[in-house]
Amino acid sequence: MANLALYGLGEMGADIARCLVARGVELHAYDPVADVAPEADHFHRCATAAEAARAATVHLVVVKRPDDVRTLLFGADGLCAAAPPGSHVVLHTTLTPQTVRELADAVRQQGHVLLDAALSRRDGLVRDGSLSLFVGASAAELGTVRPVLERYADNVVHVGPTGAGMTVKLCNNWLLYSNRHAALQALRTGRALGVDPDVLRGALAASTGSSWALAHYSDLDEAIVTGQGAPAVVRDRTTSELHMAREMAATSGQVPTSLQETFALLDAM
């Protein structure tokens, strides 16, 4: 397997790095802020994006913000300028499908290939390789990088051409946030009417009203229900993804009412 480069050692990037390193992959990583560093001779922390890019032909992009993606890809000391010709860029950062297609065109002009591989958690731990990837690419492009993706994701799904990965991711998170909003409203109402919270959650999770959000109810959800609120990073991520889902939905000619109503979750958070 070719050496890999990974950009972004935040929550998801760090666990992907840990998974790859644990499985013996030679990994070159760049993040100007995060201090995560798996302890292994085959993990190399790079001082610049260009240093990481020169060492690999497959590049995993897990940075947080759209502006950071553009700087990473096209900056003077960035990935596209330094990577070996014909490199494959695997974009994990959540963006709108239209943005992905624009980036793919620009990356192609630099002599490389960009695929979108949207991330979605499963029931296990990301660091153990429990991860879904919704991949937008041609069959040939995915065929080239699939052996790499399967080193850290146990559910790699080809969902269509470039941009389709993010379409599926945003549809998935639209449902997640809609289900969470409905679940938290129901739990708050049940509590207000005197049902024990633990009994209420258990009854709902075992019946037809269950959802992933309810089955994986956490301290975060409890904080929202009890009015303590969610951390800023969670609110920001939810806000960003809901706005992207609405922008994506608008390109189909309408924004469904259910998606509009889910924005009320932001007020609860």
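Parameters and conventions
- Residues numbered from 1 in each chain as written.
- Predicted model: local features only at pLDDT ≥ 70, side-chain atom pairs only at ≥ 80, totals over all residues.
- Heavy atoms only, no water.
- Helix = DSSP H or I, 4+ residues; strand = E, 2+ residues; numbered from the N terminus.
- Contact = heavy atoms within 4.5 Å.
- Lys, Arg positive; Asp, Glu negative; His and termini not counted.
- Charge placed at Lys NZ, Arg CZ, Asp CG, Glu CD.
- Pairing = 2+ DSSP bridges.
- Right-handed = clockwise from strand over helix to strand, strands pointing away.
- Buried < 20%, exposed > 50% of the residue type's maximum accessible area, 1.4 Å probe, protein only.
- Core = buried A, V, L, I, M, F, W, Y, C linked by side-chain atoms within 4.5 Å.
- Axes fitted to C-alpha atoms, helices over the stretch in contact; angles between N-to-C directions.
- Parallel < 35°, antiparallel > 145°, perpendicular 65-115°, else oblique.
- Left-handed = near helix turned anticlockwise from the far one by under 90°.
- Nonpolar A, V, L, I, M, F, W, Y, C, P; charged D, E, K, R; others polar.

Draft legend 1. Here's a closer look at the overall build of the chain. Helix and strand counts for the chain stand at 13 helices and eight strands. By its C-alpha atoms, the chain is 65 × 45 × 30 Å across when sized along the principal axes. Pairs at least 24 residues apart make up 63% of the contacts formed inside the chain by residues separated by at least 6 positions. Side chains of the chain carry 22 positive and 29 negative charges; the gap between the two charge centres is 2 Å.

Draft legend 2. Representation of the pairing of strand 8 (residues 155-160) in the model. Two elements, strand 7 (residues 131-136) and strand 8, share five bridges in a ladder whose sense is parallel. Considered in strand 8, the bridge of Leu133 is made with Val156. Once the chain exits strand 7 it traverses helix 6 (residues 139-149) before rejoining the sheet at strand 8, and the crossover so formed is right-handed.

Draft legend 3. Structural view of the pairing of strand 7. The buried count for strand 7 comes to six of six residues, which makes it a mostly enclosed element. Alternating positions in strand 7 separate into two faces, Leu131, Leu133 and Val135 on one and Ser132, Phe134 and Gly136 on the other, with burial throughout.

Draft legend 4. Up close: the nonpolar core. In this structure, Ile16, Leu131, Leu133, Val135, Leu149 and Tyr152 are the most contacted members of the largest nonpolar core, which totals 35 residues. Those elements giving two or more residues to this core turn out to be strand 1 (4-7), helix 1 (11-22), strand 2 (27-30), strand 4 (58-61), strand 6 (113-121), strand 7 and helix 6. The leading source of residues in this core is helix 1, at seven residues. Grouped together as the second largest cluster of nonpolar side chains are 29 residues, Tyr30, Val69, Val100 and Val107 included.

Draft legend 5. Structural view of the packing of helix 7 (residues 164-192) against helix 8 (residues 197-205). In contact at an axis separation of 10 Å, helix 7 and helix 8 are set at 135° when each is read in the N-to-C sense. Between helix 7 and helix 8, the angle falls in the class oblique. Where helix 7 crosses over helix 8, the two elements pack in a sense that is right-handed. Where helix 7 abuts helix 8, its residues Ala186, Leu187, Gly190 and Arg191 lie against Pro197, Leu200, Arg201 and Leu204. Grouping the constituent residues of the contact of helix 7 with helix 8 by class yields five nonpolar, one polar and two charged.

Draft legend 6. Region of interest: the sheet that holds strand 5 (residues 88-91). Strands sit in the order 3-2-1-4-5-6-7-8 across an open sheet of eight strands; the sheet is mixed. Among the strands making up the open sheet, the edge pair consists of strand 3 (43-45) and strand 8. Direction aside, neighbouring strands of the sheet carry axes that sit 25° apart on average. Both strand 2 and strand 3 contribute to a ladder of three bridges, which runs parallel. Along strand 3, the bridge assignment pairs Leu27 with Phe43. In the packing of helix 5 (residues 97-109) onto the sheet, the strands contacted are strand 5 and strand 6, and the crossing angle to strand 6 comes to about 145°. Its contacts with the sheet put helix 6 on strand 1, strand 4, strand 5, strand 6, strand 7 and strand 8, and the angle it makes with strand 8 is roughly 165°.

Honestly, it's all geometry; don't read function into it.
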